[in-house]
Amino acid sequence: MTTLLACFAMGSTAQTDLFYSMEMQGSLSQGRTPLWLNANKHGLSSLEEANGYLRTAVERPLSTDSIKRWGLGYGADIIAAMGYDSHFLVQQAYVEARWLHGVLSVGSKEQPMELKNNRLSSGSQTLGINARPVPQVRLSMPQYWNVPGTNGWLHLKGHVAYGIATDNRWQKDFTNGEQPHTENVRYHTKAGYLKVGKEEYYYPLSFEAGLEMASLFGGKCHARSDDGSIITYEGEKGLMAYWHAFKPDGHDAGEETYQNVAGDLLGSWVARVNYDEDTWRLSLYVDKFFEDHSAMFQLDYDGYGSGEEWTEKKKNRYLIYNFKDMMLGVELAFKYDYLVRHVLLEYIYTKYQSGPIYHDHTVNIPDHVGGDDNFYNHHLYRGWQHWGQVMGNPLFRSPAYNDDQTVMVKDNRFKALHFGIDGGSGPLDYRLMATCQEGVGTYQDPYHHSHHNVSAMAEASWHFTTGTLRGWSLKGACAMDLGGILGNNYGVQMTIARQGIFPQKSRK
C-alpha cells in the first residue's frame, strides 16, 4: 500500500500533502487459500475458504519533502475484515521524520525486502514481507548514501529497530493455552548494506552485499517441561536485554552449562551482482540464512579439553560446516514498458542446517558438534513468526497451517525452485508465479517420506487512467496448490482499488 501511494508522490508537486487509498478484496477457495494468494502480503491474508476485507489508508510520505533537508511523514491503514483472525485490523499506523539521509520511524509500517524483487521473489530468508508488521522504533538510512572520498563508488545504507510482537491473543487462542507459546516478546532487527558501483556514470557493473540479523527476546515463554506440563520462563528484562539482543550475547532462562545467546538469533548474508545496460539489467543474488553463531560464520570451535578441563579452550581447532543452505537467484529486468518487464528464477535449499547431530562437548567427549539448527524454530521463542505467518520466506510452512495447535514451523528442511514473470501493456499488468518444492519435515520430526508441492498463480490488473474511473484499478487472480505440504487448494481473488490525492484548498 505504501508503495502504491508513493507512486503518486513522485508525480506530485512539493505542496501536495496527503494521499489516500481504498481497497476491497475477496477470496474464495476450495480448501485453504492457495499459497500465492496468501503469502508475501505483510500478513494481510487468511487461509479461510471465504475471506475478504475493506481497507482505507491515508499517508503523507516522506518523499513529499524530498527537496528539503528535513521531512515529516505519517500514515494510517485500517481494515475491516471477514474470515480473518480479527474483524478490525490496524495494519499500519506510524509517524516518521527525516534529517538529511537519516529517518526515525515509530509505529507499524510495511517495510520492503532489500536486494530482491518484492513482486516476484519467493521472499527473503530473514527480513521478509510475509507477516504483519511489528510495531517498532526504527532508525534507518533507507537509501544508499555516497561515502565521502570514494568518488561516488562506495555507498551505504541500513537500519536498527526494536519493537514488540502483538500476537499474544492469537497465540493463546491458537494453542488454547495448552501448547508452548509466548507473550509480550521483544523484537530486534538490524541490517547494513554496502554497494560498489557507479551506474549513473554508465559503469554497468555493480556489487551489493549486506548482513541482516534479527532476534526475539524478553517477554514470557510458556514451554514444555520434562514431565509434559507447561512451565513459564521470564525473558531477560531491562536495558541489558536490549544490549544483549544487539550484540548479541547473554543466555536464555534455564541455560546453565551450555549457553548460546539470549533469545532466538537468526539472520542472512545477502549479496547481489548487477549488470546494467541501457534497456535491460541482469542480476545474480544470494541469501545465506543462519540460525545461530556457528551457522553465521560456518565455523565452530572444537578444541576443548577433557576431564576437569572439559570447558576450557585448549587447542587451536575448528569445525567448518558445509555451505549447502542458501537461496540463489537470477533476475532479468527490462527498463521500459515492455510486455515482459521482469523474469526471475530462484533455487532454495535448507536441508542441511549444520548437519543432523546436535551435540555439545561433555566431560568424556571433547568433540563439539552443533547441528540441527532447526530453522525458524526455537525451544522457548516459538519461531520466527507473527500472527501465524513466518516473518521470512513463506516456503517455510507457517504455523497458521498447523492443525495440532502448535506454534512451530513443521517443514523447514526443503529444496524448491521458484519462477516469476511480470509485465504489461498500457493499463494492463500481469504477474505469473510458480513454485515446485520437496520437503522432508524437520530433523526432530521428519516426514516418513518426502512430501512434494506445486503452487502457481496467474494475476492480471487493469488501471483506469482516463475518464470518470481515473485512479481506479481492478485486479483478478487465480491460484492453486497441489501436494502433501500445503494440500490441494484452488482459489480465486478479486480486488477493486482506488488511489488518489486529497484536493488542495485554493489559496487566495
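Higher on the page you've got the structure.
Predicted, not measured: the structure shown is a model, and the values here were computed from it. (Residues numbered from 1 in each chain as written. Predicted model: local features only at pLDDT ≥ 70, side-chain atom pairs only at ≥ 80, totals over all residues. Heavy atoms only, no water.)

Engineer: Is there a simple way to explain the environment of E346 in this structure?
Structural biologist: Looking at where E346 falls in the secondary structure, it is placed in strand β18 (residues 342-349). In this structure E346 comes out as buried when scored by relative accessible area, which is 1%. In sequence terms E346 and V286 are 60 residues apart; their C-alpha atoms lie 9.3 Å from each other. Discounting residues that sit within four places of it in the chain, E346 has contacts with S121, S122, G123, Y285, M327, L328, G329, A416, L417 and H418. (Helix = DSSP H or I, 4+ residues; strand = E, 2+ residues; numbered from the N terminus. Buried < 20%, exposed > 50% of the residue type's maximum accessible area, 1.4 Å probe, protein only. Contact = heavy atoms within 4.5 Å.)

Engineer: Looking at this model, I keep getting lost on the packing of aromatic side chains. Mind explaining?
Structural biologist: The way to describe two aromatic rings as a pair is by their centre distance and the angle between their planes. Here the structure, examined in full by the defined rule, presents 19 aromatic pairs. Here the aromatic rings of Y162 and F217 are separated by 6.5 Å at their centres, their planes lie at 85°, and the arrangement is edge-to-face. With Y162 in strand β7 (residues 154-164) and F217 in strand β10 (residues 205-217), the pair connects residues that are 55 residues apart, well separated along the chain. A centroid spacing of 5.3 Å and a plane angle of 85° characterise the contact between F217 and Y242, whose relative ring orientation is edge-to-face. With a gap of 25 residues between them, F217 in strand β10 and Y242 in helix α4 (residues 239-246) connect regions that are remote in the sequence. (Phe/Tyr/Trp six-rings, centres within 6.5 Å; stacked < 30°, edge-to-face > 60°.)

Engineer: What exactly am I supposed to notice about the pattern of salt bridges here?
Structural biologist: Side-chain pairing between opposite charges can occur once the charged atoms of the two side chains come close. For the structure on display, the rule yields 22 salt bridges. Across the pair R55 and D77 runs a salt bridge whose closest N-O atoms are separated by 2.5 Å. Linking R55 in strand β2 (residues 50-60) with D77 in strand β3 (residues 70-82), this pair joins segments that are 22 residues apart in sequence. Classification of D77 as buried rests on a relative accessible area of 1%. Overlapping salt bridges bring together E23, R55, D77 and E110 as one network. (Salt bridge = Lys/Arg side-chain N within 4 Å of Asp/Glu carboxyl O.)

Engineer: Whenever I open this one, the pairing of strand β13 (residues 264-276) confuses me. Can you help?
Structural biologist: The side chains of a regular strand alternate, first on one face of the sheet and then on the other. With ten of its 13 residues buried, β13 lies for the most part within the structure. Here twelve bridges tie β10 to β13, and the two strands are oriented antiparallel to one another. Its bridge partner lying in β13, S215 is registered against L265. In terms of strand pairing, β13 meets strand β14 (residues 280-290) through ten bridges, oriented antiparallel. In the strand pairing of β14, S268 is matched with F289. (Pairing = 2+ DSSP bridges.)

Engineer: Please explain helix α3 (residues 168-175) as it appears in this structure.
Structural biologist: For the α-helix, the turn length of 3.6 residues means that residues three or four positions removed from each other point alike. By the burial criterion, the buried members of α3 are W170, Q171, F174 and T175. Projected down its long axis, α3 shows its buried positions confined to an angular sector of 110°, all on one face. Contacts from the buried residues of α3 go to β8 (181-183) and β21 (385-386). With its phi angle positive at about 55°, N176 sits one or two positions after the end of α3. (Arc of directions from axis to C-beta.)

Functional significance is not addressed by these values, which are geometric in nature.
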